[in-house]
Amino acid sequence: MSSFLRPAAWLLIAAAIVAPIAMGMNTYYLHVLNLAWIFAIAALGLSVATGVAGQIVLGQAALVGIGAYATALLMMRLSLPWWLALLLAMVLTGAVGAALGLISTRIKGHYLAIVTLALNEIFRIVAVNEEALTGGPMGLRNIPTLSIPGLSETITQQLYLPLAGLMFVSYALMIVFHRSALGRELRAVRDDEMAAEAMGVNSVRAKTIAFMICSLWGALSGGLYVLLVGFVAPTNFTIAESIKMMLMVVLGGLGSIPGTMLGAIVVTILPEALRDLQTYYMAAFGAAVVIIMLVWPKGLGVFSDWLWGSFLTGRREPELSAPAGPLSLAAAAAAASSALAAGPALPETGGPLMRVHKVSRTFGGVRALNDVSFDVIRGEILGLIGPNGSGKSTMINACSGVVHVDGSIELEGHPLQNHPAWEVHAYGVARIFQNVRLWESMTVLENVMVAWRRVPGQPSGEAAIREASLAALEQMGVRHLAMRQAGDLSFGQSRLVEMARAIVGRPKVLLLDEPAAGLRGGLVLELSTILQRLRAQGMTILVVEHRIKLVTSMCDRVVVLNLGDLIADGAPAAVMESPAVIEAYLGERADAASHETRARRIRRRSVNHAVAPG
Amino acid sequence: MNRKTTMDMRSLLALAGVSAALATMPLNGAAAQEQPLIGVSLPMTGSKALVGRNFKQGVELAIADINAAGGVLGKPLQVVFEDDQGDNTNGAINAVNKIMQVHKTPVMIGPHYSVTQMATQNVYCNGKIVSLTGATGVPVTNSGCKYVIRTRSNDDIQAKAIIEYAQKELNAGDKTAVFYANDDFGKSGQARVVAQMAALGLKPLAVESHNPNDKDYSAQLAKLKNAGAVLVVLWAHDTDAALIVKQAKQFGLPFRFAGAVLSEDAFLKLAGSGAEGAISASYFVPTDPNPAVQTFVKRYEERFKMAPDVWSATYYDATVLAAKAINAAGSGDVAKIREAFGSVKYDGLLASYGCDDKGDCNRQVNIVEIKGGQPVVRAAVRY
């Protein structure tokens, strides 16, 4: 049914777009439609910055205005041809967008929204006061308009089809962008910036690109407005216009690019269609907006996303049936153990891969890490244990570049400390978080694809990334979830997807912050098998774990932290017997009971920890 | 599968809804039965909606009067109103387009604001419609557009009238200072005042500015006093201007104020006794003893239960003037109507109208002084 509905809908839309000009509809209606196409392009930029990258921009009208004034002035003062003026205006506005992007790395969230609002006001004041350049409050008039004589008699008619076509092309471009690697990165930054950085997304670059795209489409829209109307004034680009563009994006469903197009069309055309209600038409428009948001809480995007179909989402994996067992880890573990048996011998365990040297970190007055030094030997599974508040998570955060520390952390001689998390990831350090941090609006497959890392000698390109990501999911036994939205998964499933996300880039070091938390007891040992297999593939693993049973069964070596100090380092069994460790866990002197009982109590105690992880 | 099907049905419904909405657009236009002669582009929504109401009531009263006197071209005059959202250029372009393309009237009243005039002249100056406006920006009739008729004197005349009155009647030409709001309204007013003074060989003793919505003006007032000003030309918004004259009175400062808004209702109410003696160049005050004005005020109050303001009077006059021109032209032909404006004379509320080639029909402002809390017309200045 849907196979016939979608082309039919497109035919209807094509007819609806061509009909006004073919029927010779008068230029008032055509002008309103032209404005709709132009505003749709401006809102497209906003849709990428706010909807896709999560950066709230309340000053899009200013960016449109800069594009409009620049196009006009370049044509009027320098007599440039329209296309060159438009292009230069886009470059100029893109530079403003890049500056905004750099600001956005310092100022975030609502504060950034206020900054963009201020940009809008600054633009208005400059445009009003720099009369010699901008024409002041009366604006610039008699700007050369773009006339395509072959098409029809008036400019409104001539530009109608080109503008509509340009709008569709720009939306198609952005829809392709949305599912490209860069688009995925932008969405990852929107959903969880910290996780994105830790998984290799350069958030500074991503945001700068988002703002540049936002301003480029803004400038194009402003330039087209000038070419159509031949007039600009500061009142074209007020904050109210910025809010109107934001309304287009929200009405179209925040995050849905095709929805924005429909949002822009509704916001531009509906008030005009309601004009005959005279004084109350804007109130009726407001009521219509409320009704749309009530009927379609996700905006008009639901419908438009359906229209674009697989062009929007990309090729979908055929859904595999879920293997038996709730998490199918058993199957993966079985595969892993057979692979272990058949696979290559364990890599040479040898010299240190990662060296942690005199690392300290304080939070206010609390010393979370105090001159901690240890080595991670190539090819080992190293356990990092300690009571609550001993600095384990801080250590993992330091090694993955999420927190800054004093001291040094080196990977194969490269210093890692205080480098941005994405650089640390590029060196080959991947991690999972204690509380799962997936990018919830993205599919499971996209989640994994974002974290892919270029490894010399390995194939790259979209198809290779996709293959590698599916393989990683398979390895964790969750390939059948690939097309599910990450936010819909259970905790256990999310944990496994996060594992897949961590290993897809074939990291040299895998940092696992309590990987067993949230897994059912029976699955815990299967996890251990999987870690063995990852080690066999050449990964070195640093794992924070509460469950001594798991630690003793899977770790080659253990380091123990207590209140930020390293108190033991050695084979699991030996460490469990260390008086300092026993005291840290039980808070009593080492000679108070026999070693045997104390070791048992530690195990029990650590299980209690695991019940309430923290 | 089931879920998918319902989704498709929904989408189909939505699509049907959208196409229905699109399809109704042209139908609305076709529904209008008889061709009105005048389209009115005025603010009905947005921040200027309140002044737009006075605008509309002025037009409505004029239509009643015109129709009582026999209508236009032998038929009762019909007009259509379209919202231009005040100084919103896109709103104005849409309203003007609709009036021209859908209603196809030969005459249009509005848009009112200078910036919306400048934005829409590209659209309407093609010989298809004549626009009557009260916009006072100097460029409105200097842009080469042949189809604009302006019914109020421009901003330069307002500034010139104040300065000449200050020099001739108050002998304060060389003891005048300027105090303005630092925004587009105040800045352009200030520039025109200084330019008009320069034309008479005068220079302001001091030029001070304030930010709109400031609350304390003592620093600037002290500077104006120290400069020895006798008259301060005040180009500020009505609420700010009221605070300024009040504070000047509290400090017992020796100078008088003159400006653009110092006879408006909001200013008078807020300034109270501080307004006493303030001078302004204004187009219309309801206290004007001119019998035509008094009759208008009385009938307006009877009909709308409120006092008329400058907007009501301006567009009452514009509507009457338009009706006279259409009658003089004898048809709805745009070129003939435009030509007729050159010969039509009308003694209106704001002035005695007579249009020149550029379309300026009014070169008059009233010098108004506040006496006993009421604006009193001191002189009518004509150029």
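Residues numbered from 1 in each chain as written. Chains lettered and ligands numbered in written order. Predicted model: local features only at pLDDT ≥ 70, side-chain atom pairs only at ≥ 80, totals over all residues. Heavy atoms only, no water.

1. With respect to the overall build of chain A
Next up, step 1: A tally of helices and strands in chain A yields 26 helices and 10 strands.
Next up, step 2: Burial analysis of chain A (614 residues in total) assigns 56% to the buried set.
Next up, step 3: Per element, the accessible surface of chain A, about 23900 Å² overall, is 62% carbon and sulfur. (Helix = DSSP H or I, 4+ residues; strand = E, 2+ residues; numbered from the N terminus. Buried < 20%, exposed > 50% of the residue type's maximum accessible area, 1.4 Å probe, protein only. Areas by Shrake-Rupley, 256 points an atom, 1.4 Å probe, with all protein chains shown as cover.)

2. Quick word on the nonpolar core
Next up, step 1: Counting residues in each nonpolar core, the largest one holds 290 residues, and the members touching the most others are Trp37 and Leu534 of chain A together with Ile38 and Phe257 of chain B.
Next up, step 2: A per-element tally of this core places helix H2 (residues 27-52) of chain A first, with 19 residues.
Next up, step 3: Those residues in contact with Leu534 of chain A, other than ones at most four positions away along the chain, are Gln475, Met476, Met499, Ile503, Leu510, Met539 and Ile541 of chain A.
Next up, step 4: Residues Phe374, Val376, Cys399 and Leu416 of chain A belong to the second largest nonpolar core, which totals 27 residues. (Core = buried A, V, L, I, M, F, W, Y, C linked by side-chain atoms within 4.5 Å. Contact = heavy atoms within 4.5 Å.)

3. Regarding the state of the cysteines
All names here are of chain B.
Next up, step 1: Considering all chains together, one arrives at two disulfides over all chains under this definition.
Next up, step 2: Across a sulfur-sulfur distance of 1.7 Å, Cys125 and Cys145 are joined as a disulfide pair. Where Cys125 bonds to Cys145 through sulfur, the torsion about that S-S bond is close to -80 degrees, and the disulfide is left-handed. Of this pair, Cys125 sits in the loop between helix H4 (114-124) and strand E4 (130-133) while Cys145 sits in the loop between E4 and strand E5 (148-150), placing them 20 residues apart in sequence.
Next up, step 3: On the basis of relative accessible area, Cys125 is assigned to the partly exposed category, the value being 25%.
Next up, step 4: The buried category is assigned to Cys145, whose relative accessible area is 7%.
Next up, step 5: Across the disulfide from Cys355 sits Cys361; the S-S distance is 2.0 Å. Torsion about the S-S bond of the Cys355 and Cys361 cystine: about 105 degrees, corresponding to right-handed handedness.
Next up, step 6: Of the residues examined, Cys355 reaches a relative accessible area of 9% and is grouped as buried.
Next up, step 7: Numbered in order of appearance, the disulfide-bonded cysteines of chain B are paired 1-2, 3-4. (Disulfide = S-S within 2.5 Å.)

4. So, the packing of helix H3 (residues 89-103) of chain B against H4 of chain B
Residue and element names in this part refer to chain B.
Next up, step 1: Running from amino to carboxyl end, H3 crosses H4 at an angle of 40 degrees, the nearest separation of the two axes being 9 Å. With respect to H4, the axis of H3 lies oblique. Pair H3 / H4 crosses with right-handed handedness. Mapping the contact onto sequence places Thr89, Ala92, Ile93, Val96, Asn97 and Met100 in H3 and Val115, Thr116, Ala119, Thr120, Val123 and Tyr124 in H4.
Next up, step 2: A per-class count over the contact of H3 with H4 returns eight nonpolar, four polar and no charged. (Axes fitted to C-alpha atoms, helices over the stretch in contact; angles between N-to-C directions. Parallel < 35°, antiparallel > 145°, perpendicular 65-115°, else oblique. Left-handed = near helix turned anticlockwise from the far one by under 90°. Nonpolar A, V, L, I, M, F, W, Y, C, P; charged D, E, K, R; others polar.)

5. Some details on the sheet that holds strand E1 (residues 352-363) of chain A
All names here are of chain A.
Next up, step 1: Taken in spatial order, the four strands make up an open sheet running E2-E1-E4-E5, and their pairing is antiparallel. Two strands close off the open sheet at either side, each with one partner strand: strand E2 (366-377) and strand E5 (414-415).
Next up, step 2: For E1 and strand E4 (residues 406-411), the ladder comprises five bridges, and the chain directions are antiparallel. Counted as the bridge partner of Ser360 is Asp406 from E4.
Next up, step 3: Sheet contacts for helix H17 (residues 392-399): E1, E2 and E4; angle to E1, the most-contacted strand, approximately 120 degrees. (Pairing = 2+ DSSP bridges.)

6. Concerning the pairing of strand E7 (residues 207-210) of chain B
Next up, step 1: A one-sided burial pattern is seen for E7 of chain B, the buried positions being Glu208 and His210 of chain B and the unburied ones Val207 and Ser209 of chain B.
Next up, step 2: Once you follow strand E6 (residues 176-181) of chain B into helix H6 (residues 184-199) of chain B and on to E7 of chain B, the crossover reads as right-handed. (Right-handed = clockwise from strand over helix to strand, strands pointing away.)

7. With respect to the sheet that holds strand E9 (residues 557-562) of chain A
Residues and elements named next belong to chain A.
Next up, step 1: One open sheet holds the six strands; their spatial order is E6-E7-E8-E3-E9-E10, and the pairing between them is mixed. At either margin of the open sheet sits one strand with a lone partner, and together these are strand E6 (429-432) and strand E10 (565-570). Pairs of neighbouring strands in the sheet enclose a mean axial angle of 15 degrees, with direction left out of account.
Next up, step 2: Both E6 and strand E7 (residues 509-513) contribute to a ladder of four bridges, which runs parallel. The partner of Val429 across the bridge, within E7, is Val509.
Next up, step 3: Strands in contact with H17 are strand E3 (381-385), E6, E7, strand E8 (540-544) and E9; relative to E7, the strand with the most contacts, it is inclined by about 150 degrees.
Next up, step 4: Contacts between helix H21 (residues 491-503) and the sheet are confined to E6 and E7, with E6 contributing the most and set at about 175 degrees to the helix.

8. So, the side chain of Thr136 of chain B
All names here are of chain B.
Next up, step 1: Examined against the element boundaries, Thr136 turns out to sit in the loop between E4 and E5.
Next up, step 2: A distance of 2.7 Å separates polar atoms of two side chains, one belonging to Thr136 and the other to Asp155.
Next up, step 3: Beyond its immediate stretch of four places on either side in the chain, Thr136 contacts Ser114, Arg150, Arg152, Ser153, Asn154, Asp155 and Tyr283. (Polar contact = N/O pair within 3.5 Å; in protein donor to acceptor, adjacent residues only side chain to side chain.)

9. Some details on the interface of chain A and chain B
Next up, step 1: Taken together, the contact between chain A and chain B spans 44 residues of the former and 43 residues of the latter.
Next up, step 2: Roughly 4100 Å² of surface becomes buried between chain A and chain B when both sides are summed, with 61% attributable to carbon and sulfur atoms.
Next up, step 3: Inspection of the region where chain A meets chain B yields two salt bridges.
Next up, step 4: Asp276 of chain A is paired through a salt bridge with Lys98 of chain B; the nearest N and O atoms lie 3.3 Å apart.
Next up, step 5: Seen at the junction of chain A and chain B, the total is 14 residue pairs in polar contact (both at pLDDT 80 or more).
Next up, step 6: Breaking the side of chain A that touches chain B down by element, the ones donating at least two residues are helix H1 (2-22), H2, helix H5 (109-129), helix H10 (203-229), helix H12 (257-273), helix H13 (281-295) and helix H14 (301-308) of chain A.
Next up, step 7: With seven residues, H2 of chain A is the largest single contributor of residues to the side of chain A that touches chain B. (Buried area = accessible area lost by both parts, 1.4 Å probe. Salt bridge = Lys/Arg side-chain N within 4 Å of Asp/Glu carboxyl O.)

10. Points about the packing of aromatic side chains
Next up, step 1: Across all of its chains, the model carries 18 aromatic pairs over all chains by this definition.
Next up, step 2: Both rings, one in Tyr113 of chain B and one in Trp311 of chain B, keep their centres 6.0 Å apart while their planes meet at 55 degrees; by these two values the pair is tilted. In this pair, Tyr113 of chain B sits in the loop between strand E3 (107-109) and H4 while Trp311 of chain B sits in helix H11 (residues 310-329), placing the two residues 198 residues apart along the sequence. In this pair, the class of Tyr113 of chain B matches that of Trp311 of chain B, namely buried.
Next up, step 3: Three or more aromatic residues joined by ring pairs make a cluster, and in this case those are Phe284, Phe296, Tyr300, Phe304 and Tyr316 of chain B.
Next up, step 4: Positioned above the aromatic ring of Phe433 of chain A, the side-chain terminus of Arg431 of chain A is 4.0 Å from the ring centre. (Phe/Tyr/Trp six-rings, centres within 6.5 Å; stacked < 30°, edge-to-face > 60°. Lys NZ or Arg CZ within 6 Å of the ring centre and 35° of its normal.)

11. Side note on the side chain of Arg501 of chain A
All names here are of chain A.
Next up, step 1: Structurally, Arg501 is set in helix H21.
Next up, step 2: Of the polar contacts made by the side chain of Arg501, one reaches the backbone oxygen of Arg437; its length is 2.7 Å.
Next up, step 3: Residue contacts for Arg501: discarding those within four places in its chain leaves Ala195, Met199, Phe433, Arg437, Leu438, Trp439, Asn447, Val448 and Ala451.

12. Observations concerning the environment of Val51 of chain B
Next up, step 1: On the secondary structure map, Val51 of chain B appears in helix H2 (residues 49-68).
Next up, step 2: C-alpha of Val51 of chain B to C-alpha of Asp309 of chain B: the two residues are 258 residues apart in sequence and 8.8 Å apart in space.

13. Comments concerning unusual backbone geometry
Both trends apply: most residues other than glycine have a negative phi, and most peptide bonds are in trans.
Next up, step 1: Note the cis peptide between Gly110 of chain B and Pro111 of chain B, where omega equals -10 degrees.
Next up, step 2: Note on placement: Pro111 of chain B falls in the loop between E3 and H4.
Next up, step 3: With a phi angle near 55 degrees, Glu514 of chain A is a residue other than glycine that sits in the positive phi range.
Next up, step 4: One can find Glu514 of chain A in the loop between E7 and helix H22 (521-536).
Next up, step 5: A positive phi angle, close to 50 degrees, is found at Lys104 of chain B, a residue other than glycine.

14. Looking at the confidence of the model for chain A
All names here are of chain A.
Next up, step 1: Mean pLDDT over chain A stands at 87; residues scoring 70 or higher make up 89%.
Next up, step 2: The weakest mean pLDDT in chain A belongs to helix H26 (residues 595-611) at 56; the strongest belongs to helix H3 (residues 60-77) at 96.
Next up, step 3: The model gives residues 609-614 a pLDDT under 50, and that stretch makes 11 contacts with residues more than four places away or in other chains. (pLDDT = per-residue confidence, 0-100.)

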